[in-house]
Amino acid sequence: LTPDDFFTRAADAFDRAVHARGVFARVFRIGIWRVRICFAGPDLVEPLTRALDHLRLNDTDAGPADLTVLAWTGTEADQSPPEADAANWQMGHNGFIRSLSDERFAAHWMFAAGGLQMLDREGGRALFWLRESADLPYWESGAPLRFLFDAWLQDRGWLLVHGAAVGNGRGAILLVGAGGSGKSSTALACLSPHDDAGVDYLADDYVALNPEEGTVYSVYSSGKVDASSLARMPFLEPYVANAERLGQEKGLVFVHEAFPHKVRLGPLPVRAVVQPVIQPGAGCRPTPPSAILKGLAASTMLQSARPSAAVLTTLARLVSTRPTFEFNVAAGSVPEMSDLAALLPARSALTRRSVTVVVPCYNPGPYLHEALASICAQNGARQPGALDVVVVDDGSDEDISPVLRRFASRLAIRYERQVQQGPSAARNRGIALAQSEYIAFLDQDDLWPAGSLEIREAALTEHADIDVVHGRLRNLRRDEHTGATQFGPPRRSFNVGGMLFRRRVFERTGVLDERLRFSEDVDLLVRITEAGVGCRRIDDVCLYYRRHGSALTGRLQGGEGGRMHLSSWAYILKRSLDRRRT
Amino acid sequence: MTSETAYRINTERFARETVDGEVIVIDMDEGNYFSMRGSAARIWQLIEEGQSAGAIVSALGASAGGVTRSEVETGVSALLAQLVDEGILLPAPASGTTPAPLPSEPFMTPVLEKYTEMQDLLTLDPIHEVDETGWPNRSRSDKA
């Protein structure tokens, strides 16, 4: 059986499995490419995509895929790859299947799981097949399709580097070293609620490197944590996905679910390469690049299915052109992130606040804390005062000032209280108080993804003719009891929380209509369109929109609520027509 | 189309509402919207009642003075044809009810005004794709 024959027959088996079980599909952005994963039946969807969910694209309008992966399980003769067992093939190192690999194809046997990954370089296709989904080890769920991504990125001149990464809007720090050296726990330490160094999470084990630009991209949102790290970082504990098997396995945390506003997607320029070292003391110490390269190259080559001299050259070039450090992590302590933050460039001093963030509040409960934390996670908030935050309390019964005080050192918050007049009135009060050229909105229970505000700012700054930037949003639902978090697919919506406005928009079109009970955002956008205001749509997810039983809009999506929405649309359009007719 | 033909509104795709006597129909798939005023809005009301084309012409003719039946007939069938053409109306059996009496008003040639300028906006929020339970809508969005 040639690799070509094998691939064709396996793909046919996939088609038959689809016929029997139905097809499911998901699209993700890996680096700068679109990867579509098609599943025969639902059993692998969650295990293979949970760690990639932060990179999910809109399934329908993502455009053609650069790589299509066919993923399925099962051992029925007509629905599985031919001769699918390592015993039938000539094996190379690390599970590499020599007899199924050539110039065009690369194949890998997963010994622990009993399964196969195979890449067709020319066809932009790949296979992922497993005997049984239950056989997938936890580390594969944490870093799914790693062989395919490794080989595929290498073909594009990129690397899947064995390293962790943290960063902020100004750059990333690549954390390197052999397993057990403290990469993971250093990266995960940035998630501590007590940490205010303003450094976010990219990766704890593998990160995609674009060598030409010297930038890194998050691939997997997972983090692995052993029992002793977990004891030091108890804030991770509620989010350990495999808690019942902690004796035999490392704890697996899907960081994107646990801390949605703390995950950076990249690209971020690599500003320093750092090797954590477990030894007494703290802080970073310059160390020669050669010392760093040894650990980085060895572990990347060992982890790679196709180690090559080119990998070594690329890593050597990266390390020799960046400052390199050793980072002391005292045994039993949580790494001090401010020492790492100091390696990233300082933000240039701002002469004026460029963005006013309006946060309308009414009895926000515990959510306000998360919303404000996600504002802090925007690059501008590193120095208090870089963002102008206006919290408008629309007559809450509860006292929200203790929450605001907790952010006093990190955000310049202005607190305004009014007699209850509704969310539109609260937003309008914020607009009236805005001191900045740009105005953003964030509701009390929603979150901004890390760095999403600066993406919107950049779009406005680059395009002088544009007055509104409109990102995508994803619904977020967190189970209050289990802490389990679900995300909907990225979509485009009217919600102003995913947008950024130039202040002059409101001078031109007026503010939100306080008389409307529903769809006041639709009304605003209709007026904006009517006035011919320049609006730019961007594909980045700029809002996590929380859905829960108690929020007004939460009930309005389907059924009766949907009909009420639509009837308000008709009213809004009628008014628009009337304005234009006079 | 015969005078016995009646119609139903394609509510899967179109939302409609009458605001201050003006009928607004929104195409949720394409993001276009339509307006009907005056005689067109009256015809719409009769369509909503499930009246046949013939019954609509009779009801309208009876309520309007100084107009021939054939003028009314031409106007009604042109509007119905347009509504069918846009996919807003689908053929359906007539309800057989007596039309509610219309206030007496002069007949004006009925017009279906079509607006496309909000297309980008009105196709934005796919609330028509969200099912009754609202979350998570996996069954539909997952299918490739």
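Residues numbered from 1 in each chain as written. Chains lettered and ligands numbered in written order. Predicted model: local features only at pLDDT ≥ 70, side-chain atom pairs only at ≥ 80, totals over all residues. Heavy atoms only, no water.

### Some thoughts on the overall build of chain A
- Counting its regular elements, chain A contains 17 helices and 26 strands.
- Against the globule reference of 25 Å for 582 residues, chain A gives a C-alpha radius of gyration of 25 Å, in line with a compact fold.
- Projecting the C-alpha coordinates of chain A onto the three principal axes gives extents of approximately 80 × 60 × 45 Å.
- Burial analysis of chain A (582 residues in total) assigns 61% to the buried set.
- Counting only contacts in chain A whose residues sit at least 6 apart along the sequence, the fraction spanning at least 24 positions is 72%.
- If you sum the accessible surface of chain A, you get close to 22,000 Å²; carbon and sulfur atoms cover 51% of it. (Helix = DSSP H or I, 4+ residues; strand = E, 2+ residues; numbered from the N terminus. Rg over C-alpha atoms; globule rule 2.2 N^0.38 Å. Buried < 20%, exposed > 50% of the residue type's maximum accessible area, 1.4 Å probe, protein only. Contact = heavy atoms within 4.5 Å. Areas by Shrake-Rupley, 256 points an atom, 1.4 Å probe, with all protein chains shown as cover.)

### Observations regarding helix α13 (residues 423–433) of chain A
- Of all the positions in α13(A), only A:Ser424, A:Ala425, A:Ala426, A:Arg427, A:Asn428, A:Gly430 and A:Ile431 are classed as buried.
- Elements in contact with the buried residues of α13(A): β19 (355–361), β20 (387–393), β22 (438–441), α15 (503–509) and α16 (520–530) of chain A.

### Some points on the nonpolar core
Residue and element names in this part refer to chain A.
- Counting 43 residues, the largest nonpolar core has Ile 37, Val 69 and Phe 128 as its most contacted members.
- With residues up to four places along the chain from it excluded, the contact list for Val 69 reads Val 35, Arg 36, Ile 37, Cys 38, Ala 126, Phe 128, Leu 145 and Leu 148.
- Listed in part, the 37 residues of the second largest apolar core include Val 496, Met 499, Ile 528 and Leu 566. (Core = buried A, V, L, I, M, F, W, Y, C linked by side-chain atoms within 4.5 Å.)

### Section: the packing of helix α8 (residues 289–303) of chain A against helix α9 (residues 309–320) of chain A
All names here are of chain A.
- Interaxial distance between α8 and α9 falls to 10 Å at its minimum, and their mutual angle equals 145°. Seen along the crossing, α8 lies across α9 with a hand that is right-handed. Along its contact with α8, which presents Pro 289, Ile 292, Leu 293, Leu 296, Ala 297, Thr 300 and Met 301, the element α9 presents Val 311, Leu 312, Leu 315, Ala 316, Val 319 and Ser 320.
- Residue composition of the contact of α8 with α9, by class: eleven nonpolar, two polar and no charged. (Axes fitted to C-alpha atoms, helices over the stretch in contact; angles between N-to-C directions. Left-handed = near helix turned anticlockwise from the far one by under 90°. Nonpolar A, V, L, I, M, F, W, Y, C, P; charged D, E, K, R; others polar.)

### A short note on the side chain of A:Arg527
Residues and elements named next belong to chain A.
- With respect to the secondary-structure elements, Arg 527 resides in helix α16.
- Reaching out from Arg 527, the side chain makes a polar contact with the backbone oxygen of Thr 509 at a distance of 2.7 Å.
- When near neighbours in sequence (up to four residues on either side) are disregarded, Arg 527 contacts Thr 509, Gly 510, Val 511, Leu 512, Asp 513 and Arg 579. (Polar contact = N/O pair within 3.5 Å; in protein donor to acceptor, adjacent residues only side chain to side chain.)

### Looking at helix α4 (residues 146–155) of chain A
Residues and elements named next belong to chain A.
- With eight of its ten residues buried, α4 lies for the most part within the structure.
- The complete set of buried residues in α4 reads Phe 147, Leu 148, Phe 149, Asp 150, Ala 151, Trp 152, Leu 153 and Gln 154.
- Just past α4, the residue Gly 157 takes up positive phi, approximately 80°.

### Examining the sheet that holds strand β2 (residues 14–19) of chain B
Residues and elements named next belong to chain B.
- If you walk across this open sheet you meet the four strands as β2-β3-β4-β6, and the pairing is antiparallel. Among the strands making up the open sheet, the edge pair consists of β2 and β6 (113–115). Mean inter-strand twist for the sheet, computed between neighbouring axes without regard to direction, equals 20°.
- In this sheet, strand β4 (residues 33–36) lies alongside strand β3 (residues 22–27) in antiparallel orientation, the contact comprising four bridges. Looking at the pairing, Val 23 lines up with Met 36 of β4. (Pairing = 2+ DSSP bridges.)

### Regarding the packing of aromatic side chains
- All told, the structure shown has 17 aromatic pairs over all chains when counted by the stated rule.
- With centroids separated by 5.4 Å and ring planes inclined at 40°, the aromatic side chains of A:Phe7 and A:Phe105 adopt a geometry described as tilted. Linking A:Phe7 in helix α1 (residues 3–21) with A:Phe105 in strand β5 (residues 105–110), this pair joins segments that are 98 residues apart in sequence. As far as burial versus exposure is concerned, A:Phe7 and A:Phe105 are alike and both buried.
- With centroids separated by 5.1 Å and ring planes inclined at 20°, the aromatic side chains of B:Tyr33 and B:Tyr115 adopt a geometry described as stacked. Taken together, the residues span a long stretch of sequence, with B:Tyr33 in strand β4 and B:Tyr115 in strand β6 at a distance of 82 residues. For the pair B:Tyr33 and B:Tyr115, a shared accessibility class is recorded, and that class is buried.
- Taken together, the ring pairs in this structure connect A:Trp33, A:Trp152, A:Trp158 and A:Tyr217 into an aromatic cluster.
- Its end group placed over the ring of A:Trp33, A:Arg156 keeps NZ or CZ at 5.9 Å from the ring centre.
- For A:Arg456, the ring lying beneath its charged end belongs to A:Trp448, and the centroid distance is 4.8 Å. (Phe/Tyr/Trp six-rings, centres within 6.5 Å; stacked < 30°, edge-to-face > 60°. Lys NZ or Arg CZ within 6 Å of the ring centre and 35° of its normal.)

### Some thoughts on a negative patch on the surface
Residue and element names in this part refer to chain A.
- Together, Asp 4, Asp 5, Asp 102 and Glu 103 make up a negatively charged patch on the protein surface.
- Within the secondary structure, Asp 102 is located in the loop between β4 (67–73) and β5.
- Look at Asp 102 and you get partly exposed, because its relative accessible area is 37%. (Patch = residues over 30% accessible without salt bridge, like charges linked within 9 Å, V, L, I, M, F, W, Y side chains within 5 Å. Salt bridge = Lys/Arg side-chain N within 4 Å of Asp/Glu carboxyl O. Lys, Arg positive; Asp, Glu negative; His and termini not counted. Charge placed at Lys NZ, Arg CZ, Asp CG, Glu CD.)

### Topic: empty space enclosed by the protein
Residue and element names in this part refer to chain A.
- Going through the model one piece at a time under the given rule, you end up with two cavities of 30 Å³ or more.
- Approximately 50 Å³ is the volume found for the largest cavity.
- Surrounding the largest cavity, Gly 142, Ala 143, Ala 203, Asp 204, Asp 205, Tyr 206, Tyr 220, Ser 222 and Lys 224 form its lining.
- Residues belonging to the lining of the largest cavity are distributed by class as follows: four nonpolar, two polar and three charged.
- In this model, the second largest cavity occupies a volume close to 40 Å³.
- If you go around the second largest cavity, the residues you meet are Arg 146, Asp 150, Leu 160, His 162, Tyr 206, Thr 300, Gln 303 and Ser 304.
- Listed by contribution, the elements that provide at least two residues to the lining of the second largest cavity are α4, β8 (159–162) and α8.
- Split into classes, the residues belonging to the lining of the second largest cavity amount to two nonpolar, four polar and two charged. (1 Å grid on protein atoms, 1.4 Å probe; cavity = no way out; pocket = protein on both sides within 12 Å on 5 of 7 lines; lining within 4 Å. Points joined across faces, edges and corners; volume = space filled by probe spheres on them.)

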